[in-house]
Amino acid sequence: MSTGSTFNKYVIPKIPITSAAENVTKIIMVNEKVMAVDGVTVEPVPLHVALKKFLSWLESFDNIYIIAHNGRRFDFIVLTAAYKVCGLLPNFLSAITGLVDSLPVFKHVYPNRTSYKQEDQARDLLCKGYNAHNAEADVKCLSELVSLMVSTQNDCMIVKSFPPIDIKYNMDCNKEKKKKFPTLEVLIAAGVMKNATADNIASSGLNFEHLKTIFRRKGEDGLLNVFTAKNSEGQPRVTNAKRTLESVVPKLAAYFEKKC
């Protein structure tokens, strides 16, 4: 596992940097090819160039795990999407062994903390502050925090790791969810279900027509069985919450009985 990095490239932004972002990050695009970071002029590179260089750096190691704080919800999605856009996703996925979101790991190792922000943990556990808006400082601080955590519980990072393909799968699911959720809005408007249930249904790969077909073929029991069927992770496809099932499934059946 590598927690440090000598890789350092500034990528040309795809959209203009706002003044608010400039004030926070201290990054300013002087012109299309010249960037200043905290007053120091640097030479930025196109996204695909930076990604290829980062990939080459990753491939120089064995058994690589990439760690990011709250990475599952942000960093890993951004990185995976960037590699996908540049046509390098298969190379990236094969270059790393796993991903680790340090946020849930910290929660597991230090369960009684009131804040799990990286800045707060640096102050409390390392007795230091750092510039959280500077990528290099941010990485170095996380490396120190991870080293401290591993010294407390040496297998905590590997246990909480997950394969990089999971991020691509979640991205694909979210893309499909955006397509399917609007078809369920008529059911929300009719009071059949709430947004949260519709979101779960869309996330499971089902849309309005799927539900209607299931009801026509197997009735209310068919809807109940599909909602509670376990997926590959052993979780219910939509929900197994008794309260939700007893409310939504009969209403859904009644809706299809009347409307369809």
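Predicted model only: the values in this text are computed from it and were never measured.

Right, let's get into the packing of helix α5 (residues 102-109) against helix α7 (residues 135-152). With their axes 11 Å apart at the nearest point, α5 and α7 run at an angle of 40° to one another. Classified by the angle between their axes, α5 and α7 sit oblique to one another. Here α5 runs over α7; the crossing is left-handed. Between α5, through Ser102, Val105, Phe106 and Val109, and α7, the contact on the second element is made entirely by Leu142, Leu145, Met149 and Thr152.

Across all of its chains, the model carries 12 salt bridges by this definition. One salt bridge connects aspartate 172 with lysine 84, and the closest N-O pair in it is separated by 3.6 Å. Remark: lysine 84 occurs in helix α3 (residues 75-85) and aspartate 172 occurs in helix α9 (residues 165-180); sequence separation between them is 88 residues. The salt bridge partner of arginine 113 is aspartate 124, with a shortest N-O separation of 2.9 Å. Highlighted residues: arginine 113 in the loop between α5 and α6 (118-125) and aspartate 124 in helix α6, separated in sequence by 11 residues. Since its relative accessible area comes to 39%, aspartate 124 is described here as partly exposed.

The next point concerns unusual backbone geometry. In this structure, lysine 26 takes a positive phi of about 65° despite not being glycine. Within the secondary structure, lysine 26 sits in the loop between α1 (19-25) and β1 (27-29). Residue class for lysine 26 comes out partly exposed when judged on its relative accessible area of 42%. The residue cysteine 127 is not glycine, and still its phi comes out positive at about 55°.

Compared with the 16 Å implied by 1.5 Å per residue over 12 residues, the 16 Å span of helix α2 (residues 47-58) between its first and last C-alpha is a close match. Of all the positions in α2, only Ala50, Leu51, Phe54, Leu55, Trp57 and Leu58 are classed as buried. The buried residues of α2 occupy an angular sector of 160° when the element is viewed end-on, so they sit on one face.

Turning to the sheet that holds β1, a few remarks are in order. Taken in spatial order, the three strands make up an open sheet running β1-β2-β3, and their pairing is antiparallel. The open sheet has two edge strands, β1 and β3 (40-42), and neither has a second partner. For this sheet the average axis-to-axis angle between neighbouring strands, irrespective of direction, equals 30°.

Take the packing of aromatic side chains next. Both the distance between ring centres and the angle between the ring planes are used here to describe each pair of aromatic rings. For the coordinates displayed, the defined rule picks out nine aromatic pairs. With a centroid separation of 6.1 Å and an interplanar angle of 75°, the aromatic rings of phenylalanine 76 and phenylalanine 162 are classed as edge-to-face. Of this pair, phenylalanine 76 sits in helix α3 while phenylalanine 162 sits in the loop between α8 (156-159) and α9, and the two are 86 residues apart along the sequence. You can call phenylalanine 162 buried: its relative accessible area is 6%. Each residue in the set Phe208, Phe215, Tyr255 and Phe256 is aromatic and connected to the rest through ring pairs, giving one cluster. A cation over an aromatic ring shows up here: arginine 72 above the ring of phenylalanine 162, its NZ or CZ 3.7 Å from the ring centre.

Taking 1.5 Å per residue, 21 residues should reach 30 Å; helix α12 (residues 208-228) reaches only 17 Å between its end C-alpha atoms and comes up short. Against α10 (185-189), α11 (195-203) and α13 (242-259) lie the buried residues of α12.

Take the environment of isoleucine 77 next. Tracing the chain through its elements places isoleucine 77 in helix α3. Considering only alpha carbons, one finds isoleucine 77 and isoleucine 167, 90 residues apart in sequence, at a separation of 6.4 Å. Filtering out sequence-adjacent residues up to four positions away, isoleucine 77 remains in contact with Gly71, Arg72, Ile167 and Met171.

Cut-off values and rules
Residues numbered from 1 in each chain as written. Predicted model: local features only at pLDDT ≥ 70, side-chain atom pairs only at ≥ 80, totals over all residues. Heavy atoms only, no water. Axes fitted to C-alpha atoms, helices over the stretch in contact; angles between N-to-C directions. Helix = DSSP H or I, 4+ residues; strand = E, 2+ residues; numbered from the N terminus. Parallel < 35°, antiparallel > 145°, perpendicular 65-115°, else oblique. Left-handed = near helix turned anticlockwise from the far one by under 90°. Contact = heavy atoms within 4.5 Å. Salt bridge = Lys/Arg side-chain N within 4 Å of Asp/Glu carboxyl O. Buried < 20%, exposed > 50% of the residue type's maximum accessible area, 1.4 Å probe, protein only. Expected span 1.5 Å × (residues − 1). Arc of directions from axis to C-beta. Pairing = 2+ DSSP bridges. Phe/Tyr/Trp six-rings, centres within 6.5 Å; stacked < 30°, edge-to-face > 60°. Lys NZ or Arg CZ within 6 Å of the ring centre and 35° of its normal.

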